[in-house]
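Letter by letter, the chains look like this.
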Amino acid sequence: MIARYTRPEMGRIWGEENRFRTWLKVEIAATETLAEAKIVPMKAAKAIRELADFRLERIREVEDEVRHDVIAFTTAVAEFVGPESRWFHYGLTSNDVVDTAQALLIRQASEIIAADLRRLAGILKRRAWEFKDTPMIGRTHGIHAEPITFGFKLANWYSEVQRDINRFETAAEDMRVGKFSGAVGTFAHLSPELEEKMCARLGLKAAAISSQVIQRDRHAYYLATLAVIACTLDKIATEIRHLQRTEVREAEEYFSEKQKGSSAMPHKRNPVTCEQISGLARIVRSNAQAGFENVALWHERDISHSSVERVILPDSTTLVDYMLDKTANLLDTMFIYPERMKANLESTGGLVFSGQLLLDLVEHGVSREDAYGLVQSHAMRAWKEGLSFRELVTRDRNIADRVPAAAIQRAFDLKRQLRKIDAIFARVFGMKDKHSSPHPSRTRKGGASQRSRTS
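Treat the numbers as computed from the prediction; the structure is a model and nothing was measured.

A.B. asks: Could you give an account of helix α6 (residues 94-130), with specific residues and numbers?
C.D. replies: An ideal rise of 1.5 Å per residue puts 54 Å on 37 residues; α6 measures up with 54 Å between its terminal C-alpha atoms. Extensive coverage of α6 is indicated by the burial of 26 of its 37 residues.

Structure follows, in structure tokens:
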């Protein structure tokens, strides 16, 4: 993974030093369990626990000769342990160590991602309540539809992130398994009871059954879940990109006073963070496809999945961690323009209330076909000639003679359109909250906020 997309703690987890330290942790847990079962001498287990160590340079040196990373690792450790090293890696096959250690590494990575998701959800919740009553136009097919609020949009994202959290918890738990079942999974040299004790020592569950490897449907599901999270972040970033377009400009990602948008055009304020998030999501999604391909292995195991996982597991977890942090900061610091939202909402002269007017005509005895024809004729004229839809409707005697003037005016009542927002919020957040007043440093009437970006 390129360093610029790697946050320090996630980089440490997938670094060589931590990978081999985790292997060593697995080996020691296995040896101590075997010593307790009186299969390995206590003296040997004590020596391994106290003396086992390695140098990365030595592992690399041996691997260059033997072309086998686990043998290189055991050889390098044996040089520290001495004569008792004959009991090191006793009864194990390479993937007893590699797959079990990988489960531990994924658990470490998953703890970071879970915290990232909770942080993102918290920011979305806070900002949803902040803009709960800030009206804007809802769009379908990119075209003005009916009014919503900006908080409603944020609440929708919050609800999706909650589903991401639930899915991720399940996928991460599904990966919390180890195996010590030997070369083809039949416990030819150990036993299921010993496997369970070894895994418990590491905070893992034993896979109910395995071949030489833990079955890769688990990994595919985990990678697919990361891809779905990336899709959520891409969705959020894409929407903000649309809202930042010059013709819209209802929201905008943070742009500092010293930031530059273009080498040629000094006026540019580009949504570079959003575009980065959308771009990286493509990699995470493609990695999920590689994970699917890894499920089918020859017989009890081949090595075709190994090289792939050395890339896609570190890269996907690293990218999702990076993207979650970027998205949280993006949402926390973005500029919001309520007056622009209002102006866009009102720009079509009431066209966005056509659906309500249609229903009101029906309620007053007009057939749906006639009502639709009346409303659409004025709507199309308003579109083509740039006229006020509301004025056209008000002056139409075919409508005025059938529907009281007060009812026509009520069709254009914004509060009526948004009267269920409180109920939606109560359903999403499970409570009624009063945190709905905009924060003055983030809600802009125009110009740029001086609020600093959080890191």
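A.B. asks: Tell me about the pairing of strand β1 (residues 135-140), residues and numbers included.
C.D. replies: Across five bridges, β1 lies against strand β2 (residues 143-149) in antiparallel orientation. Counted as the bridge partner of M136 is I148 from β2.

A.B. asks: Mind laying out the pattern of salt bridges, listing which residues take part and the relevant values?
C.D. replies: For the coordinates displayed, the defined rule picks out 38 salt bridges. Here E50 ties to K46 by a salt bridge, and the two come within 3.0 Å at their closest N and O atoms. Here the residue E50 and the residue K46 both occupy positions in helix α3 (residues 42-51), the gap between them amounting to four residues, near one helical turn. Residue K46 is classed as partly exposed on the basis of its relative accessible area of 42%. A salt bridge links R139 to E250; the nearest nitrogen and oxygen atoms lie 2.9 Å apart. Remark: E250 occurs in the loop between α9 (217-244) and β5 (251-252) and R139 occurs in strand β1; sequence separation between them is 111 residues. A relative accessible area of 28% means that R139 is categorised as partly exposed. Taking the relative accessible area as the measure of exposure, E250 reaches 0% and is therefore buried. One network of salt bridges, with partners in common, ties together R7, D116, R119, D321 and D325.

A.B. asks: Give a detailed account of the layout of surface pockets, specifying residues and quantitative values.
C.D. replies: A volume near 500 Å³ is recorded for the largest pocket. Around the largest pocket sit 22 residues that line it, and R19, D69, V98, S306 and R310 are the ones nearest its centre. Secondary-structure elements contributing two or more residues to the lining of the largest pocket are α2 (16-36), α5 (69-81), α6 and α11 (304-333). Here the lining of the largest pocket takes six residues from α6, the largest share from any one element. In terms of residue class, the lining of the largest pocket is built from seven nonpolar, six polar and nine charged.

A.B. asks: Could you give an account of empty space enclosed by the protein, naming the residues involved and the relevant values?
C.D. replies: What the rule picks out here adds up to one cavity of 30 Å³ or more. Each pocket or cavity is described by its volume, and for the largest cavity that value is around 40 Å³. Lining the largest cavity are D99, Q102, A103, M175, V177, I214, R218 and H219. For the lining of the largest cavity, the elements supplying multiple residues, two or more each, are α6 and α9.

A.B. asks: How would you explain a nonpolar patch on the surface if you had to name every residue and give the values?
C.D. replies: Taken together, the side chains of I143, M380 and W383 present a nonpolar region at the surface, about 310 Å² in accessible area. Within the secondary structure layout, W383 lies in helix α14 (residues 368-385). Here W383 falls in the partly exposed class, since its relative accessible area comes to 48%.

A.B. asks: Explain the confidence of the model for the chain residue by residue, including any values.
C.D. replies: With 92% of its residues at a pLDDT of 70 or more, the chain has an overall mean of 92. Predicted confidence is poor over residues 435-441, with pLDDT under 50, and the contacts of this stretch with residues over four places away or in other chains come to 14 contacts. Considering only residues more than four positions removed or in separate chains, one finds that residues 445-455, a stretch of pLDDT under 50, has 24 contacts.

A.B. asks: How would you explain the packing of α2 against α3 if you had to name every residue and give the values?
C.D. replies: Two numbers describe how α2 lies on α3: the axes approach to 9 Å, and their chain directions differ by 160°. The angle between α2 and α3 places the two elements in the roughly antiparallel class. Handedness of the α2/α3 crossing: left-handed. Here I28, T31, E32, A35 and E36 of α2 lie close against α3, whose contacting residues are M42, A45, I48 and R49.

A.B. asks: Tell me about the packing of aromatic side chains, and please be specific about residues and values.
C.D. replies: Per the stated rule, a full pass over the model turns up 16 aromatic pairs. Between W23 and F73, the ring centres sit 5.4 Å apart and the planes meet at 90°, which makes this aromatic pair edge-to-face. Here F73 lies in helix α5 and W23 lies in helix α2, a separation of 50 residues in the sequence. For the residue pair W23 and F73, the accessibility class agrees, reading buried in each case. Consider the rings of W129 and F425, whose centres lie 4.9 Å apart with planes at 75°: the pair is edge-to-face. Residue W129 is found in helix α6, and its partner F425 is found in helix α19 (residues 421-429); the two are separated by 296 residues along the sequence.

A.B. asks: Got a sec to walk through α5? Specific residues and values, please.
C.D. replies: Here α5 is 13 residues long and its end C-alpha atoms lie 18 Å apart, about the 18 Å a rise of 1.5 Å per residue gives. Just beyond α5, the residue with positive phi is G82, at close to 90°.

Calculation rules
Residues numbered from 1 in each chain as written. Predicted model: local features only at pLDDT ≥ 70, side-chain atom pairs only at ≥ 80, totals over all residues. Heavy atoms only, no water. Helix = DSSP H or I, 4+ residues; strand = E, 2+ residues; numbered from the N terminus. Expected span 1.5 Å × (residues − 1). Buried < 20%, exposed > 50% of the residue type's maximum accessible area, 1.4 Å probe, protein only. Pairing = 2+ DSSP bridges. Salt bridge = Lys/Arg side-chain N within 4 Å of Asp/Glu carboxyl O. 1 Å grid on protein atoms, 1.4 Å probe; cavity = no way out; pocket = protein on both sides within 12 Å on 5 of 7 lines; lining within 4 Å. Points joined across faces, edges and corners; volume = space filled by probe spheres on them. Nonpolar A, V, L, I, M, F, W, Y, C, P; charged D, E, K, R; others polar. Patch = residues over 30% accessible without salt bridge, like charges linked within 9 Å, V, L, I, M, F, W, Y side chains within 5 Å. Areas by Shrake-Rupley, 256 points an atom, 1.4 Å probe, with all protein chains shown as cover. pLDDT = per-residue confidence, 0-100. Contact = heavy atoms within 4.5 Å. Axes fitted to C-alpha atoms, helices over the stretch in contact; angles between N-to-C directions. Parallel < 35°, antiparallel > 145°, perpendicular 65-115°, else oblique. Left-handed = near helix turned anticlockwise from the far one by under 90°. Phe/Tyr/Trp six-rings, centres within 6.5 Å; stacked < 30°, edge-to-face > 60°.

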